[in-house]
Amino acid sequence: MSYDTTSIEAKWQAAWAEADLFLATRDARPKYYVLEMFPYPSGRIHIGHVRNYTMGDVIARYKMSCGFSVLHPMGWDAFGMPAENAAMASGGHPKEWTYRNIDTMRGQMKPLGLSIDWSREFATCDPEYYGQQQALFLDMLDAGLVYRKPAVVNWDPVDMTVLANEQVIDGKGWRSGAEVERRELTQWAFAISSMAEDLLDSLGDLENWPDKVRLMQENWIGRSRGLQMTFPLSAPVHGHDGVEIYTTRPDTLRGASFIAIAPEHPLARALAQDDAELAAFATEVRRGGTTEEALETAEKRGYDTGLTVQNPLGGTLPVWVANFVLMEYGTGAIFGCPAHDQRDLDFARKYDLPVVAAFKPYEAESFEVGAAAYVPPKTELVEYVDNPAGVHRTTGHEGVETTIDWAETQGIGEGRVQYRLRDWGLSRQRYWGCPIPVVHCPDCGVVPERKENLPVRLPDDVTFDVPGNPLDRHPTWAATACPECGADARRETDTMDTFVDSSWYFARFTAPRADKPTVAEDVDYWMNVDQYIGGVEHAILHLLYSRFFARAMNVTGHLPAKAREPFDALFTQGMVTHPAYVTRDDKGRTIYHLPEDVDLSSGTVRATGEAIEIVPAIKMSKSKLNVVDPQAIIAQFGADTARWFVLSDSPPERDFEWTPEGAAAVHKHLTRVHRLATDIARADRAPNDADAELARATARAIAEVTQGIDGFAFNKSVAKLYEFTNTLSRSDAGAQARRDAMRTLAQLMAPMVPHLAEEIWTMMGGEGFVLSAPWPEADPALLVEDSVTLPIQINGKRRSEVTVPKDMDKAGIEARVMADDAVIRALDGGAPKKLIVVPGRIVNVVV
RNA sequence: GCCCCCGUGGCGGAAUCGGUAGACGCAGCGGAUUCAAAAUCCGCCGCCGCAAGGCUUGCCGGUUCGAGUCCGGCCGGGGGUACCA
């Protein structure tokens with residue numbers, strides 16, 4: 001009987017389906033919810049998907065064997081820009097494109113034999129899903145968690161449309177090539193910053209999250225304590241008597257040499273009304289995209305308003321308008337202290353402003369600020385110069401706190417906690433997203449749609465032949481009656497950020513067909529997600545938004561309190577990086593091509609024969625040029641080979657590299673296991689002395705493979721399975737002992753290669769499905785070793801070794817070590833300077 | 001720019017708590033089997049060196065009896081940077 005993957009895999013997939021093995025049921029068993037981040041339906045699955053979903057499948061199948069009722073669902077993150085881009089590029093409709101892709105990808109995923117409950121599948125672009133999302137939105141609006149505010153967007157002045165950051169390349173619109181400018185629109189926003197403190201403090205409870213993710217979120221939320229104070233204007237202007245600033249370094253007030261306000265600051269706007277030069281400056285610095293990176297790396301520029309403010313420490317400070325001050329953070333105004341801030345120093349040098357030290361290095365002989373600002377860590381001792389609060393030699397931390405206390409006593413300002421986290425702007429001027437269910441009435445203003453009218457459906461008759469939002473220019477869609485007064489009114493034509501769709505899908509999976517967002521009994525039973533698996537690229541936004549949404553859904557009664565942190569454990573798998581294939585048009589602009597549209601052997605675009613560039617050049621490598629089609633691999637070697645290979649070799653948290661040799665080698669190994677099982681099934685040898693050793697090896701394999709799965713180290717489990725297979729293959733044990741070992745091997749392999757495991761399980765006379773058999777347990781008695789070999793180091797270098805009984809005490813080990821030839825030679829008759837014995841580990845002789 | 005992560009043989013990687021660096025796999029080399037090959041099985045395999053021995057975890061420095069692991073500083077690569085998902 002040969003290893004025929006096609007028939008074996010089809011047979012077992014049919015048997016699992018027949019038995020409804022993966023249907024998640026609420027019952028008396030403890031539950032386990034394992035979830036992989038759902039895919040964007042881009043067109044075809046790639047080997048990264050295979051890896052991601054195989055990891056989740058290993059956990060799901062392992063937990064099933066451990067007696068849990070497992071929920072392992074799958075869906076589609078189906079709204080988003082690529083569908084509109086496809087419609088623009090080649091006609092067609094985003095809806096058709098998306099559902100066609102979903103069909104293709106589902107068809108590619110099913111042959112992998114994943115333990116998914118497909119009865120719960122949904123796409124976020126299903127009206128049944130986004131209608132419930134609209135209901136959530138309305139409840140959050142009611143709870144004060146959504147509001148409208150001005151927000152800055154990338155504006156393409158030629159296409160007259162809003163661009164995503166991705167569509168701004170080197171400050172220019174990707175299609176028009178026009179220089180992008182920042183423009184303010186009124187947008188809907190979630191009040192995520194109102195929960196900043198809780199989102200920050202609760203990170204400490206997420207013990208089963210990677211430290212790096214918690215750290216990134218902590219830095220992103222960015223709690224800071226500082227001083228908010230007002231500098232009185234020397235002469236009031238346009239109704240402003242002062243400039244309110246926020247600073248995290250009030251201890252540098254002595255070194256302040258200017259005030260800088262954002263170009264969007266109310267004072268700057270007021271002044272610009274009758275200062276054409278300032279208005280021109282404000283327009284000028286509005287050029288470019290909205291990303292933090294663009295703002296941070298832009299040249300620092302300023303405009304002197306000619307106004308001055310009174311410094312509470314005496315004298316006056318000039319008021320500048322500066323492009324590096326953000327209206328969205330703090331008060332939109334700062335004081336500049338060039339001596340202790342590099343950006344302020346660069347600004348001061350450029351515009352010839354004074355540089356005054358507020359403190360100098362501790363016990364420094366002389367001190368002068370040159371090209372670099374003096375910015376020691378806040379934990380370092382410094383010597384303050386003439387500090388108003390009277391501090392002298394202390395740390396920055398102390399200096400800040402003392403100065404805040406002083407400022408409060410003097411009535412100059414107040415200590416304040418500030419977060420970097422901004423509210424989440426959710427409005428998008430795009431078609432392929434969840435419509436925001438509100439109506440603009442000329443009389444009643446902004447009015448929520450009635451829940452009984454949900455879902456507010458997207459119209460199908462739209463075109464993408466001109467830039468801009470098809471909803472906005474649709475002839476009839478927006479026309480409606482005001483839900484309050486019945487007058488003619490207009491629907492909101494913005495749709496929601498697609499991050500909203502992915503912020504609650506995990507909750508919807510617990511009751512995917514319900515006629516309300518969630519069902520209490522189902523979320524009570526299934527929440528929280530016990531193990532969430534996905535890419536580290538989602539470490540901040542998606543995970544933070546989901547944490548916020550879970551809280552908001554708790555406030556609005558859609559989730560229990562226990563689900564305020566929805567993901568009990570998080571694993572971030574290695575990134576799947578794609579090389580990008582690029583050609584340039586006649587204007588030198590880059591055009592990207594899908595990997596499958598590129599012929600790598602000739603380095604050209606298949607359709608046009610144009611030569612491609614591969615970017616980024618540094619990432620270019622033989623392996624990354626390999627574009628692997630999972631379907632071809634399954635056809636050639638079977639799903640089990642693909643599954644085993646993506647789990648072997650690379651640790652799950654690191655990037656994975658596919659090599660054709662590796663896949664072939666895996667197939668060879670699985671064929672060998674199958675042949676070994678066939679041989680063992682037929683064998684007829686009497687019990688003998690080797691049986692006990694094989695039993696010990698089996699116990700070790702159980703312990704080590706289980707430990708690997710528990711610790712998310714599938715590559716190590718795979719290595720141990722190789723070892724155990726080699727041991728079993730070479731064992732002279734009797735037929736029954738080898739059958740027992742083979743049956744255990746099938747169980748241990750089952751989470752990784754479930755089809756082959758079922759086949760072998762049956763061959764070995766196992767009852768039912770291997771998946772339904774309880775996970776094997778290692779007999780502790782068989783794991784105990786009675787002696788241990790200790791390496792002997794001499795001066796930290798390994799020179800010899802000694803084998804001693806496992807429980808031998810230090811004195812006994814010392815005696816054995818002193819009798820070792822290498823030690824005797826090294827000591828040359830003398831006594832060791834030091835003898836370090838770490839029982840069970842190592843011996844180090846210092847001579 | 002800022003935040004986070006990673007760097008070990010020809011290659012993917014192992015070393016779980018500061019304690020034998022290189023498990024396991026790939027590639028390579030040698031052998032058995034074969035008329036021959038494929039397949040299979042057995043063995044070797046970090047670098048320098050005939051050997052004794054020396055060197056070796058991106059680079060430089062530090063702590064320690066002992067550092068791939070801890071600390072400081074560099075270099076290189078990756079991710080995120082709020083409208084890619």
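Owing to the predicted nature of the structure, the values given are computational and were not obtained by experimental measurement.

1. Structural notes on the overall build of chain A
At step 1: In terms of regular secondary structure, chain A is built from 28 helices and 35 strands.
At step 2: Partitioning the intrachain contacts of chain A with sequence separation of at least 6 by distance along the chain shows that 71% fall at a separation of at least 24.
At step 3: Summed over its atoms, the accessible surface of chain A is roughly 37,800 Å², and 49% of this surface lies on carbon and sulfur atoms.
At step 4: Charge separation in chain A, taken as the distance between the mean sites of 86 positive and 120 negative side-chain charges, equals 4 Å.

2. Examining helix α3 (residues 81-90)
At step 1: Three or more residues of α3 are buried, namely M81, A83, E84, N85, A86 and A87.
At step 2: Contact partners of the buried residues in α3: α4 (94-109).
At step 3: One or two steps after α3, the chain reaches G91, where phi turns positive at roughly 70°.

3. A look at the sheet that holds strand β22 (residues 479-481)
At step 1: Judged by pairing direction, the sheet is antiparallel, and its four strands sit side by side in the order β21-β20-β23-β22 without closing on themselves. Every other strand in the sheet has two partners, leaving β21 (445-448) and β22 as the edge strands with one partner each. Ignoring which end each strand starts from, the neighbouring axes of this sheet average 45° apart.
At step 2: When β22 meets strand β23 (residues 488-491), the two strands line up antiparallel, connected through three bridges. Its bridge partner being in β23, A481 is matched across the sheet by D488.

4. With respect to a negative patch on the surface
At step 1: Where like charges cluster on the molecular surface, the negative patch consists of E197, D201, D205 and E207.
At step 2: Residue position: D205 is located in the loop between α6 (196-201) and α7 (211-221).

5. Regarding the protein's contact with RNA strand B
At step 1: As a structural note, the neighbourhood of RNA strand B is formed by 70 residues, with N165, E292, R430, K716 and N844 the closest of them.
At step 2: Taking all atoms of RNA strand B within 4 Å of the protein, the share assigned to sugar and phosphate is 65%.
At step 3: Here S650 contributes a side-chain N or O atom positioned 3.2 Å from a sugar or linking oxygen of RNA strand B.
At step 4: Here a phosphate oxygen of RNA strand B sits 3.1 Å away from a polar atom, N or O, in the side chain of R672.
At step 5: Broken down by element, the surface near RNA strand B gets its largest block of residues, seven residues, from helix α23 (residues 714-730).
At step 6: Tallied by class, the residues present in the surface near RNA strand B amount to 25 nonpolar, 18 polar and 27 charged.

6. Re the side chain of Q418
At step 1: Take Q418: it is sitting in strand β17 (residues 413-419).
At step 2: Under the relative-accessibility criterion, Q418 is labelled buried at 8%.
At step 3: There is a polar contact of 2.8 Å between the side chain of Q418 and the side chain of R416.
At step 4: With residues near it in sequence (within four places) discarded, Q418 still touches G222, R223, S224, Y246, Y329 and G330.

7. Focus: the pattern of salt bridges
At step 1: Scanning the entire structure with this criterion turns up 35 salt bridges.
At step 2: Of the charged contacts, one joins R254 and D386 as a salt bridge, the two residues approaching to 3.5 Å between their closest N and O atoms. Remark: D386 occurs in the loop between β15 (381-384) and β16 (393-395) and R254 occurs in the loop between β9 (240-247) and β10 (258-261); sequence separation between them is 132 residues.
At step 3: According to the relative accessible area criterion, D386 is exposed, its value standing at 54%.
At step 4: For E565, the salt bridge goes to R551, with nearest N and O atoms at 2.6 Å. Within this pair, whereas E565 is found in the loop between α17 (541-555) and β26 (570-573), its partner R551 is found in helix α17, the two being separated by 14 residues in sequence. Side by side, E565 and R551 carry an identical accessibility label, which is buried.
At step 5: Connected through shared salt-bridge partners, D198, R547, R551, R564 and E565 make up one network.

Reading the values: rules and limits
- Residues numbered from 1 in each chain as written.
- Chains lettered and ligands numbered in written order.
- Predicted model: local features only at pLDDT ≥ 70, side-chain atom pairs only at ≥ 80, totals over all residues.
- Heavy atoms only, no water.
- Helix = DSSP H or I, 4+ residues; strand = E, 2+ residues; numbered from the N terminus.
- Contact = heavy atoms within 4.5 Å.
- Areas by Shrake-Rupley, 256 points an atom, 1.4 Å probe, with all protein chains shown as cover.
- Lys, Arg positive; Asp, Glu negative; His and termini not counted.
- Charge placed at Lys NZ, Arg CZ, Asp CG, Glu CD.
- Buried < 20%, exposed > 50% of the residue type's maximum accessible area, 1.4 Å probe, protein only.
- Pairing = 2+ DSSP bridges.
- Axes fitted to C-alpha atoms, helices over the stretch in contact; angles between N-to-C directions.
- Patch = residues over 30% accessible without salt bridge, like charges linked within 9 Å, V, L, I, M, F, W, Y side chains within 5 Å.
- Salt bridge = Lys/Arg side-chain N within 4 Å of Asp/Glu carboxyl O.
- Near = heavy atom within 4 Å.
- Polar contact = N/O pair within 3.5 Å; in protein donor to acceptor, adjacent residues only side chain to side chain.
- Nonpolar A, V, L, I, M, F, W, Y, C, P; charged D, E, K, R; others polar.

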